[in-house]
Amino acid sequence: MGATEGSRQSMCGILGIVARDRSEVDVSDSRVTAMRDTMAARGPDDATLLRRQNVVLAHRRLAIRDPSAGTQPWLSDDGQTALIYNGEIYNDESLRRFLMTQGFHFRTRCDTEVLMNAWLHWGPACVEQLRGMFAFAVYDFASELLFLARDRFGIKPLFHAEIGSQFVFASSIAAISKHPGFTKRPNWETLGHYLATFRITLDSDTVYKGIKTLQPARTLLVNESSIRETTYWSPPSSGKESLSYDDAVDRFHETISQAVSIRLRSDVPVGMMLSGGVDSNLLACLLNANDHVRMTARCGGGRDSRIPDDDSDFHFARRCAEHVGFEYDEVRMDADAYQQTWMHLLDAYQTPVSTPTDAIIFRVAERLRKSVGVAIGGEGADEVCCGYTLPHYSAADYDLSHSLQSLAPETQRRVADQLLKRYGTLTFATPGAHYLSANSLIHPDKQAALFREPYFLEAFADGRVEESYDARFDAFPGMSNLEKTAHVLLQVNLECLLARLDSATMWAGLEARVPYTDHHLVEQVLRQPFGYRIDRRPDDPSRDDGAAELVNRGAVRGKRVLRSVAERLMPPELSNRPKASFPTPVPYWLANDWRPWVCELYRQSAFANEVFRPEAIDLLTQMPEQLSAWHWPLVNMILWGEINWR
């Protein structure tokens, strides 16, 4: 890719400490440097530190555009405002032109300067003007006000903690945990949620008590007397726009093309992570359509002889690369290489590793980094366009369970049998309870048999996990449970996947960009009739059935508009492929290659034996292969516990 106008830097690490009692920050420069440099991989090109009054700001930078400009903290012309920023503003040129009409002058082509002047012009409302991915902090020395903001979907991370009278924030949990006043303590509610869902946050809570995440689309205003959180964006409801399906497909094609195009701006080469699924295949076709750009593409996965090559992600990724003419290569990991990478990430993240795909993404990013500085990824398509057919359509089971009495006796018996087989119950008190039953790996009810009582009570006694999901469903009154579930998955699942992508690519020094999270695209798709995203085939037999039965017989169509665009641009073999992602034989390895290691860990870990019941330890060492996926979050939690508390 050649250079384009503008100057940018992304994949940075930010850190700040504000003494809210107006005292000097009593953390030495050497300790602040140690905190900052936990994020060295995020920003290997530059490192700075500013200490002034009751504030310390530090920054690590990965220069993607114009290395000579954009050093942070960025100070306003009068020196009264400081900005540290991690991200990429894609509409910086239009913002620059507008701000110039308002009397602002620019001395660089850097989007950091645009962001500063946007703050000076709009104040907190500046976030509403931004199209991009960002996490930033502004400190106003005159008013002694700290402002934090995070992008609409959580592409860029931002964590914070109150430690004594100091408010501390950073791009990583590891940076905050090195503060001399912070004491590490496990947050059992979040850990219970992780065992159920692979997500290492629960609302704003992390796996460490006292360290919180600023949730997507939110801002924080912090001063001496208060901390005020505000939501500045919410996804729209469906059906607000009346248009034909064909028109919706045309608009999706136009908007995703634009979202891809603006993410090509870079002074370093751009490549892509190509999974072979329809989402990334579509991005490859759109990238190729952008002046026939020739790119570097990489696919990753585990070595798994059980899967025929012509049915693997590698086969479809290779076919797509041939179709668009991209330079292509593969990253195949065996059990030993994967395990080494997993342990590396566990140490680097200082949290349990979220999903088995993290290690694959890291190695793919590492390989890409040898030839490119930016990679395009397909995260977000399934959440925006309802691509998880079973998790999305399972929402209908909640309504079905409440209407059993209205069905004919024969139908009632059939449906009841289906629901009992899937959930083990016919009764769901709330949509949140049903969501957890449908989407949990180790359901909270099963965790009761694992944990010793004090830990289980701390995790689940107050019903916090279920209440969290109930609150998310309650936020969308008047919608069907299908549409509510789509909104919940868009919120919680997407943030988890974006955090995974950011962390894994960060440790390879690679910037990841995700066109499907462009908020213009998301708003457009969500305003259209819900059935344009997911529906039941009109030719399917008209009878009541549970979601699993409908999905298994192909009666549910997900990602409708996206697949319709894909059909225009690629062969049916690629456009019609069912959902896929980077393959990992991790459950198989856990049950076979790694089984002796896993069993020894359960038996020998002091952390495991403190928190789990003795009989649970015995059962875990005898886990049948069909339940081997349980080992992933359990082993992660135990290893993390050993690192931090033993």
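Our subject is the structure that appears above.
Sequence order as written defines residue numbering, which begins from 1 separately in each chain. Confidence filtering applies because this is a predicted model: local features only for residues at pLDDT of at least 70, side-chain atom pairs given and counted only at 80 or more, and all residues used for totals across whole chains, interfaces and linings. For side-chain calculations, the full set of non-hydrogen atoms in the structure is used, while hydrogens and water are omitted.

Draft legend 1. Representation of the sheet that holds strand 17 (residues 511-513) within the structure. The pairing criterion is simple: DSSP has to find at least two bridges between the two strands. Numbering of helices and strands starts at the N terminus; helices are DSSP runs of H or I of at least 4 residues and strands are runs of E of at least 2. One open sheet accounts for 5 strands, arranged 15-14-13-16-17; its pairing is parallel. Among the strands making up the open sheet, the edge pair consists of strand 15 (327-333) and strand 17. Averaged over neighbouring strand pairs, the angle between their axes works out to 30 degrees when direction is ignored. Two elements, strand 14 (residues 296-302) and strand 15, share 7 bridges in a ladder whose sense is parallel. Each residue of the ladder has a partner; that of glycine 302, found in strand 15, is methionine 333. Every residue pair with non-hydrogen atoms within 4.5 Å of one another is taken to be in contact. Here an angle of 0 to 180 degrees is reported between the N-to-C directions of two axes, which are lines fitted to C-alpha atoms, with helices fitted over the stretch in contact. Each of strand 14 and strand 15 touches helix 8 (residues 313-324); the most contacted strand, strand 15, lies at about 170 degrees to it. Its contacts with the sheet place helix 10 (residues 357-368) against strand 13 (270-273), strand 14, strand 15 and strand 16 (374-376), and it is angled at close to 150 degrees to strand 14.

Draft legend 2. Molecular detail of empty space enclosed by the protein. As defined here, a cavity is a set of points on a 1 Å grid over the protein atoms alone where a 1.4 Å probe fits but cannot get out. A pocket is an open set with protein on both sides within 12 Å along at least five of seven lines, and residues line them when an atom is within 4 Å of a point. Grid points are joined across faces, edges and corners, and a volume is the space filled by probe spheres set on the points. For the structure on display, the rule yields 3 cavities of 30 Å³ or more. Here the largest cavity defines a volume of roughly 80 Å³.

Draft legend 3. Quick look at the pairing of strand 12 (residues 227-231). Relative to strand 12, strand 11 (residues 218-222) is paired through 5 bridges, and the arrangement is antiparallel. Looking across to strand 12, one finds that leucine 220 is bridged to glutamate 229. Hairpin connection from strand 11 to strand 12: 4 residues lie between these consecutive antiparallel strands.

Draft legend 4. Expanded view of the sheet that holds strand 4 (residues 74-75). Here we have 6 strands laid out as an open sheet, ordered 4-5-6-7-11-12, and antiparallel in their pairing. Each edge of the sheet is formed by a strand with only one pairing partner; in this case those strands are strand 4 and strand 12. As judged from the 4 bridges shared by strand 7 (residues 145-150) and strand 11, these two strands associate in the antiparallel manner. Among the inter-strand pairings, leucine 146 is bridged to a residue of strand 11, identified as valine 222. The strands that helix 3 (residues 111-122) touches are strand 4, strand 5 (81-89), strand 6 (132-140) and strand 7; relative to strand 5, the one it contacts most, it runs at about 125 degrees.

Draft legend 5. Expanded view of the side chain of aspartate 205. Structurally, aspartate 205 can be placed in the loop between helix 5 (188-197) and strand 10 (212-213). Assessed through its relative accessible area of 10%, aspartate 205 is described here as buried. A polar contact is formed between the side chain of aspartate 205 and the side chain of lysine 212, at a distance of 2.6 Å. Filtering out sequence-adjacent residues up to four positions away, aspartate 205 remains in contact with Asn187, Glu189, Thr190, Ile200, Ile211, Lys212 and Arg464. Per-residue accessibility, obtained with a 1.4 Å probe over protein chains only, is compared with the maximum for each type, and a residue is labelled buried under 20%, exposed over 50%, and partly exposed between these values. Pairs of N or O atoms within 3.5 Å make up the polar contacts considered here, provided that, within protein, one atom can donate a hydrogen while the other can accept it, and that residues adjacent in sequence are counted only when both atoms are side-chain atoms.

Draft legend 6. Here's a closer look at helix 25 (residues 595-604). Those residues of helix 25 that fall on the buried side of the exposure criterion are Val598, Cys599, Leu601 and Tyr602. Projection of helix 25 onto a plane perpendicular to its axis shows the buried side chains occupying an angular sector of 155 degrees, all on one side. The exposed residues of helix 25 that point more than 90 degrees off its buried face are Pro596 and Gln604. Where the residues of helix 25 are buried, they touch helix 24 (586-591), helix 26 (606-611), helix 27 (614-621) and helix 28 (631-645). Relevant arc is that of directions from the helix axis to the C-beta atoms, nothing else.

Draft legend 7. Molecular detail of the side chain of serine 605. Tracing the sequence through the fold places serine 605 in the loop between helix 25 and helix 26. Here the side chain of serine 605 touches alanine 608 through a polar contact of 2.9 Å, landing on its backbone nitrogen. When near neighbours in sequence (up to four residues on either side) are disregarded, serine 605 contacts Glu600, Ile638 and Glu642.

Draft legend 8. Representation of the pattern of salt bridges in the model. Put simply, a salt bridge is a Lys or Arg side-chain nitrogen that is within 4 Å of an Asp or Glu carboxyl oxygen. Counted according to the given criterion, the structure contains 44 salt bridges. For aspartate 535, the salt bridge is made with arginine 560, and the minimal N-O distance between the two is 3.2 Å. Separated by 25 residues along the polypeptide, aspartate 535 in strand 18 (residues 535-536) and arginine 560 in helix 22 (residues 560-569) bring together distant segments of the chain. We classify aspartate 535 as buried; its relative accessible area is 16%. Within the structure, one salt-bridge network assembled from shared partners comprises Glu189, Asp203, Asp205, Lys212, Arg464 and Arg472.

Draft legend 9. How the structure looks around the packing of helix 5 against helix 28. Closest axis-to-axis distance for the helix 5/helix 28 pair is 9 Å, and the angle between their directions is 150 degrees. Across from Trp188, Leu191, Tyr194 and Leu195 in helix 5, the residues of helix 28 making contact are Trp632, Pro633, Leu634, Asn636, Met637 and Trp640. Classifying every residue of the contact of helix 5 with helix 28 gives 9 nonpolar, 1 polar and no charged. Think of it as three bins: nonpolar holds Ala, Val, Leu, Ile, Met, Phe, Trp, Tyr, Cys and Pro, charged holds Asp, Glu, Lys and Arg, and polar takes everything else, Gly as well.

Draft legend 10. Region of interest: the environment of serine 171. Along the chain, serine 171 turns up in the loop between strand 9 (166-170) and helix 4 (173-177). In this view, serine 171 contacts Cys12, Gly13, Ile14, Met39, Arg42, Asn86, Pro157 and Phe159; residues no more than four positions away in its chain are not counted. In this structure the side chain of serine 171 is engaged in a polar contact, spanning 3.0 Å, whose partner is the backbone nitrogen of isoleucine 14.

Draft legend 11. Broad picture of the pairing of strand 6. Taken across its 9 residues, strand 6 has 9 buried, putting it largely inside the fold. Residues Gly132, Phe134, Phe136, Val138 and Asp140 point to one face of strand 6 and Met133, Ala135, Ala137 and Tyr139 to the other, with burial holding for every one of them. Direction of pairing for strand 5 relative to strand 6: antiparallel, over a ladder of 9 bridges. If you follow asparagine 86 over to strand 6, its bridge partner there is alanine 135. Examined bridge by bridge, strand 6 and strand 7 share 6 bridges and lie antiparallel to one another. By the bridge assignment, alanine 135 is partnered in strand 7 with arginine 150. Hairpin remark: strand 6 followed by strand 7, antiparallel, with 4 residues in the connecting loop; positive phi at glutamate 144, about 55 degrees.

Draft legend 12. Structural context of unusual backbone geometry. Between glutamine 72 and proline 73 the backbone carries a cis peptide bond, its omega angle lying at 0 degrees. Residue position: proline 73 is located in the loop between strand 3 (55-62) and strand 4. Even without being a glycine, cysteine 386 presents a positive backbone phi close to 60 degrees. Checked against the element boundaries, cysteine 386 lands in the loop between helix 11 (381-385) and helix 12 (389-393). You can call cysteine 386 buried: its relative accessible area is 0%. Positioned with a positive phi, lysine 559 is a non-glycine residue whose angle comes to about 50 degrees. Within the secondary structure, lysine 559 sits in the loop between strand 19 (556-557) and helix 22. A relative accessible area of 2% places lysine 559 in the buried class.

Draft legend 13. Region of interest: the packing of aromatic side chains. Any two of the Phe, Tyr and Trp rings considered here, Trp counted by its six-membered ring, make a pair once their centres fall within 6.5 Å; the pair's planes then place it as stacked at under 30 degrees, edge-to-face at over 60, or tilted in between. Taken as a whole, this structure holds 26 aromatic pairs when the rule is applied. A ring pair is formed by tyrosine 338 and tryptophan 589, whose centres lie 5.7 Å apart and whose planes are at 55 degrees; its orientation type is tilted. Of this pair, tyrosine 338 sits in helix 9 (residues 335-349) while tryptophan 589 is found in helix 24, placing the two residues 251 residues apart along the sequence. Of the two residues, tyrosine 338 and tryptophan 589, neither departs from the other in class, the shared state being buried. Plain terms: the ring middles of tyrosine 338 and tryptophan 632 are 6.5 Å apart, the flat faces sit at 65 degrees to each other, and that makes the pair edge-to-face. Of this pair, tyrosine 338 sits in helix 9 while tryptophan 632 sits in helix 28, and the two are 294 residues apart along the sequence. Tryptophan 632 shares its class with tyrosine 338; the two are buried. Members of the aromatic cluster, connected to one another through ring pairs, are Tyr338, Trp342, Trp589, Trp594, Trp597 and Trp632. Charges are assigned to positions over rings by a cutoff of 6 Å between ring centre and Lys NZ or Arg CZ, combined with an angular limit of 35 degrees from the ring normal. Taking NZ or CZ as reference, arginine 332 lies 3.9 Å from the ring centre of phenylalanine 314, over its face. Geometry around tyrosine 245 places arginine 560 over its ring, the cationic atom sitting 4.4 Å from the centre.

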